[in-house]
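Okay, here's what each chain looks like letter by letter:
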Amino acid sequence: GEDVEQSLFLSVREGDSSVINCTYTDSSSTYLYWYKQEPGAGLQLLTYIFSNMDMKQDQRLTVLLNKKDKHLSLRIADTQTGDSAIYFCAESIGSGGYQKVTFGTGTKLQVIP
Amino acid sequence: DAGVIQSPRHEVTEMGQEVTLRCKPISGHDYLFWYRQTMMRGLELLIYFNNNVPIDDSGMPEDRFSAKMPNASFSTLKIQPSEPRDSAVYFCASSLGGAGTDTQYFGPGTRLTVL
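Quick look at the structure, then. (Residues numbered from 1 in each chain as written. Chains lettered and ligands numbered in written order. Predicted model: local features only at pLDDT ≥ 70, side-chain atom pairs only at ≥ 80, totals over all residues. Heavy atoms only, no water.)

Digging into the overall build of chain B
- For chain B, the count of helices and strands is zero helices and eleven strands.
- Mapped from its N terminus to its C terminus, chain B presents α and β elements in the order β-β-β-β-β-β-β-β-β-β-β.
- In terms of overall size, chain B behaves like a compact globule, its C-alpha atoms giving a radius of gyration of 13 Å where 115 residues would be expected to give roughly 13 Å.
- Projected onto the principal axes, the alpha-carbon positions of chain B cover approximately 40 × 30 × 30 Å.
- Relative to its full complement of 115 residues, chain B shows a buried share of 50%.
- Sequence separation of at least 24 residues holds for 55% of the intrachain contacts in chain B that already meet a minimum separation of 6.
- Accessible surface, chain B as shown: approximately 5600 Å² in total, 50% of it carbon and sulfur.
- With 10 positive and 13 negative side-chain charges, chain B shows a separation of 4 Å between the mean positions of the two kinds. (Helix = DSSP H or I, 4+ residues; strand = E, 2+ residues; numbered from the N terminus. Rg over C-alpha atoms; globule rule 2.2 N^0.38 Å. Buried < 20%, exposed > 50% of the residue type's maximum accessible area, 1.4 Å probe, protein only. Contact = heavy atoms within 4.5 Å. Areas by Shrake-Rupley, 256 points an atom, 1.4 Å probe, with all protein chains shown as cover. Lys, Arg positive; Asp, Glu negative; His and termini not counted. Charge placed at Lys NZ, Arg CZ, Asp CG, Glu CD.)

Right, dumping it as structure tokens:
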């Protein structure tokens, strides 16, 4: 079945790197995503990775995927106070025209100035 | 485009009252999703529509919840009668298609408090 788990909270100092981790259970995941939710707002897609990739880099963001261990991580380099938010890991499963997306519980990132 | 629009942003009501949440998806998007977010259960998919047709409502918690999409630019989520355990943030999202590369764009949410 589908289950996506994350730690609830992470605190880092401004300028340091942040690493947010996620584990999922369904090995048939097609895409894995990272969404960001700022206070009082909806989720916003940050990046995604296809399941046959190991790594994806996008400016300060690096996504690592270990498909064998069903482990996904998001590294934010040079973390800024504006990065404070809740980060959701998600996976998509399915074939054909529709892929069901299941979200994790979210990790609240606190950046200390 | 203004993005996904939801109204109201905040709703406070008393137990037993009917609540209607509204959503305007991004123009041209064929998929519309309703989610509920709580501290205890995280983000749950309630129902989704494709081309205005409800496809999967298995996440709707009870018969007290109903959703409609009368046209491509409007959807409602209704709770009747409302109960305190329905208190949550309700998000509407839309996407161009249903493929894994089709980004879901979320609205700002409606924070519902049932007293």
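Looking at the side chain of Q6 of chain A
Residues and elements named next belong to chain A.
- Relative to the assigned elements, Q6 resides in strand 1 (residues 4–6).
- Of the polar contacts made by the side chain of Q6, one reaches the backbone oxygen of Y87; its length is 2.8 Å.
- Ignoring anything within four residues of it in the chain, the contact list for Q6 reads I20, N21, C22, W34, Y87, F88, C89, G104, T105, G106 and T107. (Polar contact = N/O pair within 3.5 Å; in protein donor to acceptor, adjacent residues only side chain to side chain.)

Considering the interface of chain B and chain A
- With 18 residues of chain B at the interface, the matching set in chain A holds 17 residues.
- Taking both sides of the interface into account, the surface hidden between chain B and chain A amounts to around 1500 Å²; carbon and sulfur atoms contribute 56%.
- On inspection of chain B and its partner chain A, the count reaches zero salt bridges.
- Those elements that provide at least two residues to the side of chain B that touches chain A are strand 4 (31–38) and strand 5 (42–50) of chain B.
- When its residues are assigned to classes, the side of chain B that touches chain A shows ten nonpolar, seven polar and one charged. (Buried area = accessible area lost by both parts, 1.4 Å probe. Salt bridge = Lys/Arg side-chain N within 4 Å of Asp/Glu carboxyl O. Nonpolar A, V, L, I, M, F, W, Y, C, P; charged D, E, K, R; others polar.)

Remarks on the sheet that holds strand 8 (residues 71–76) of chain A
Residues and elements named next belong to chain A.
- One open sheet holds the five strands; their spatial order is 1-3-8-7-6, and the pairing between them is antiparallel. Single-partner strands in this sheet number two, and they are strand 1 and strand 6 (55–58). This sheet shows a mean twist of 15° between the axes of neighbouring strands, independent of strand direction.
- As paired strands, strand 6 and strand 7 (residues 61–66) are joined by four bridges and run antiparallel to one another. Looking at strand 7, one finds that K56 is bridged to V63. (Pairing = 2+ DSSP bridges. Axes fitted to C-alpha atoms, helices over the stretch in contact; angles between N-to-C directions.)

With respect to the sheet that holds strand 1 (residues 5–7) of chain B
Residue and element names in this part refer to chain B.
- A sheet is described by the order of its strands in space; here four strands give the open sequence 1-3-8-7, paired in antiparallel fashion. Each edge of the open sheet carries a strand with a single partner, namely strand 1 and strand 7 (65–71). The sheet shows a mean angle of 15° between the axes of neighbouring strands, taken without regard to direction.

Let's talk about the state of the cysteines
Residue and element names in this part refer to chain A.
- Going through the model one piece at a time under the given rule, you end up with two disulfides over all chains.
- One disulfide bridge connects C22 with C89, the sulfur atoms lying 2.0 Å from each other. A torsion of -60° about the S-S bond marks the disulfide between C22 and C89 as left-handed. Within this pair, whereas C22 is found in strand 3 (residues 18–24), its partner C89 is found in strand 9 (residues 85–93), the two being separated by 67 residues in sequence.
- A residue is classified by how much of its surface remains accessible, and C22, at 1% relative accessible area, is buried.
- A relative accessible area of 0% places C89 in the buried class. (Disulfide = S-S within 2.5 Å.)

Let's talk about empty space enclosed by the protein
- Inspection of every chain in the model, using the stated rule, returns one cavity of 30 Å³ or more.
- Counted as a void, the largest cavity has a volume near 80 Å³.
- In terms of residue class, the lining of the largest cavity is made up of six nonpolar, seven polar and one charged. (1 Å grid on protein atoms, 1.4 Å probe; cavity = no way out; pocket = protein on both sides within 12 Å on 5 of 7 lines; lining within 4 Å. Points joined across faces, edges and corners; volume = space filled by probe spheres on them.)

Re the pairing of strand 3 (residues 19–24) of chain B
Residues and elements named next belong to chain B.
- Bridging between strand 1 and strand 3 involves three bridges; their strand directions are antiparallel. Residue pairing in the sheet places Q6 in a bridge with C23 of strand 3.
- As paired elements, strand 3 and strand 8 (residues 74–79) share five bridges and run antiparallel to each other. Residue pairing in the sheet places R22 in a bridge with T76 of strand 8.

All we've got here are geometric facts, nothing functional implied.
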